[in-house]
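In case you want the letters, here they are:
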Amino acid sequence: MSNASSSPTVSRSGARSMAQVSLFAALMAVMGLIPKIDLPLGVPITIQSLGVMLAGVMLGPWRGLQSMLLFLAAVAVGLPLLAGGRGGIAVFMSPSAGYLAGYALAAAIVGALMAVLLKGSPQATPRRIAVSAFIAALLGGLVCLHAFGVLGLMLMAKLSLAQAFKVTLAFVPGDFIKCILCALIVHAVARGLPDWRFGGRA
């Protein structure tokens, strides 16, 4: 009896998770419609790293990871979902490959940090949730993502560590602003949807 009664709940939970994963993958695609700003060495400035941050703080590590993997899989098969209408395997062999490869892990780290920061606070205030989102986005969505970016520049553009680090510094101010935007969006969601499980917390 208990198994039969619990299965619909499990099914609804699984369906909700799938919907959220798909929603944030779609959000990344929508953000890809916003024009990019091209910089030297073929690494553009885009808004899509904000989507990575939001996926982590809103969905948690596992579903955040899944949403980015789904998005990257769609890009890999050729869908033009990256800013500027880019897609296909070739983008993973370009100087920006490190940043793209870092999307999934960065979302997972952001989600894990968000969960840790909110651990033991099931009734956290919107302000605390927003501050936690900013910290998680800063450490996971900025530091982790840029670490992958530097590695990609070294491998694909054949830059030295110092040169790659200088290149990635050009993106830091913009990504810092995205961390603030992430916190503001999360604050609004926390006020409007107080039952949302930020960081995937139970």
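**Student:** Whenever I open this one, the side chain of Thr168 confuses me. Can you help?
**Tutor:** Looking at the secondary structure, you find Thr168 in helix H6 (residues 161-169). Separated by 2.5 Å, the side chains of Thr168 and His146 make a polar contact. Filtering out sequence-adjacent residues up to four positions away, Thr168 remains in contact with Tyr99, His146 and Val150.

**Student:** How should the pattern of salt bridges be read in this particular structure?
**Tutor:** Note on pairing: side chains with opposite charge can pair once their charged atoms come close. In the structure shown here, the tally under the stated rule is 1 salt bridge. The partner of Lys178 in a salt bridge is Asp175, and the shortest N-O contact between them spans 2.9 Å. With a gap of 3 residues between them, Lys178 and Asp175 both fall in helix H7 (residues 172-192), about one helical turn apart. For Lys178, a relative accessible area of 8% puts it in the buried group.

**Student:** Looking at this structure, I do not really get the layout of surface pockets. What am I missing?
**Tutor:** Rolled over the atoms, a probe sized like a water molecule indicates the empty space that remains. Empty space within the largest pocket amounts to approximately 270 Å³. Taken together, 19 residues line the largest pocket, and the ones lying closest to its centre are Pro44, Ile45, Thr46, Tyr103 and Phe171. Elements with a minimum of two residues in the lining of the largest pocket: helix H2 (48-59), helix H4 (97-117), helix H5 (126-156) and H7. Split into classes, the residues belonging to the lining of the largest pocket amount to 10 nonpolar, 6 polar and 3 charged.

**Student:** Looking at this structure, how should I read the packing of H4 against H5?
**Tutor:** Packed helix pairs are characterised by how far apart their axes lie and by the angle those axes make with each other. Where H4 meets H5, the closest approach of the two axes is 7 Å, and the angle between their N-to-C directions is 155°. By the angle between their axes, H4 is roughly antiparallel relative to H5. Handedness of the H4/H5 crossing: right-handed. Taken together, the residues that form the contact of H4 with H5 break down as 22 nonpolar, 8 polar and 1 charged.

**Student:** For this particular structure, what's the right way to read the environment of Gly85?
**Tutor:** Structurally, the position occupied by Gly85 is in the loop between helix H3 (61-76) and H4. Owing to a relative accessible area of 45%, Gly85 belongs among the partly exposed residues under this scheme.

**Student:** Quick question: what am I supposed to make of a nonpolar patch on the surface here?
**Tutor:** Residues Phe176, Ile177, Ile180, Leu181, Leu184 and Ile185 make up a contiguous nonpolar surface patch of about 500 Å² in total accessible area. Within the secondary structure, Phe176 sits in helix H7. Judged by relative accessible area, Phe176 falls into the partly exposed class, the value being 37%.

**Student:** What is the right way to read the packing of aromatic side chains from this model?
**Tutor:** How two aromatic rings sit relative to each other is set out by the distance from centre to centre and by the angle between their planes. Enumeration over the complete set of coordinates arrives at 2 aromatic pairs. Both rings, one in Phe134 and one in Phe176, keep their centres 5.7 Å apart while their planes meet at 90°; by these two values the pair is edge-to-face. Of this pair, Phe134 sits in helix H5 while Phe176 is found in helix H7, placing the two residues 42 residues apart along the sequence.

**Student:** Honestly, the nonpolar core in this entry has me stumped. Any pointers?
**Tutor:** Side chains of a nonpolar character, in soluble globular proteins, are inclined to be buried together. In terms of nonpolar packing, the biggest core is built from 43 residues, with Val57, Phe71, Tyr103, Met114, Val186 and Phe198 touching the most fellow members. Broken down by element, the residue count for this core peaks at 8 residues, all from H2. Excluding residues that lie within four positions of it along the chain, Val57 makes contacts with Val110, Met114, Ala133, Ala136, Cys182, Val186, Phe198 and Gly199.

**Student:** Whenever I open this one, the environment of Trp62 confuses me. Can you help?
**Tutor:** Within the secondary structure, Trp62 sits in helix H3. In this structure Trp62 comes out as exposed when scored by relative accessible area, which is 58%. A C-alpha to C-alpha distance of 29 Å links Trp62 and Leu169, two positions 107 residues apart in sequence.

**Student:** Explain the side chain of Ser94 to me, please; I cannot follow it from the model alone.
**Tutor:** Among the secondary structure elements, Ser94 is positioned in the loop between H3 and H4. Note on Ser94: relative accessible area 17%, which makes it buried. At 3.0 Å, the side chain of Ser94 forms a polar contact with the side chain of Ser96.

Basis of the calculations
- Residues numbered from 1 in each chain as written.
- Predicted model: local features only at pLDDT ≥ 70, side-chain atom pairs only at ≥ 80, totals over all residues.
- Heavy atoms only, no water.
- Helix = DSSP H or I, 4+ residues; strand = E, 2+ residues; numbered from the N terminus.
- Polar contact = N/O pair within 3.5 Å; in protein donor to acceptor, adjacent residues only side chain to side chain.
- Contact = heavy atoms within 4.5 Å.
- Salt bridge = Lys/Arg side-chain N within 4 Å of Asp/Glu carboxyl O.
- Buried < 20%, exposed > 50% of the residue type's maximum accessible area, 1.4 Å probe, protein only.
- 1 Å grid on protein atoms, 1.4 Å probe; cavity = no way out; pocket = protein on both sides within 12 Å on 5 of 7 lines; lining within 4 Å.
- Points joined across faces, edges and corners; volume = space filled by probe spheres on them.
- Nonpolar A, V, L, I, M, F, W, Y, C, P; charged D, E, K, R; others polar.
- Axes fitted to C-alpha atoms, helices over the stretch in contact; angles between N-to-C directions.
- Parallel < 35°, antiparallel > 145°, perpendicular 65-115°, else oblique.
- Left-handed = near helix turned anticlockwise from the far one by under 90°.
- Patch = residues over 30% accessible without salt bridge, like charges linked within 9 Å, V, L, I, M, F, W, Y side chains within 5 Å.
- Areas by Shrake-Rupley, 256 points an atom, 1.4 Å probe, with all protein chains shown as cover.
- Phe/Tyr/Trp six-rings, centres within 6.5 Å; stacked < 30°, edge-to-face > 60°.
- Core = buried A, V, L, I, M, F, W, Y, C linked by side-chain atoms within 4.5 Å.

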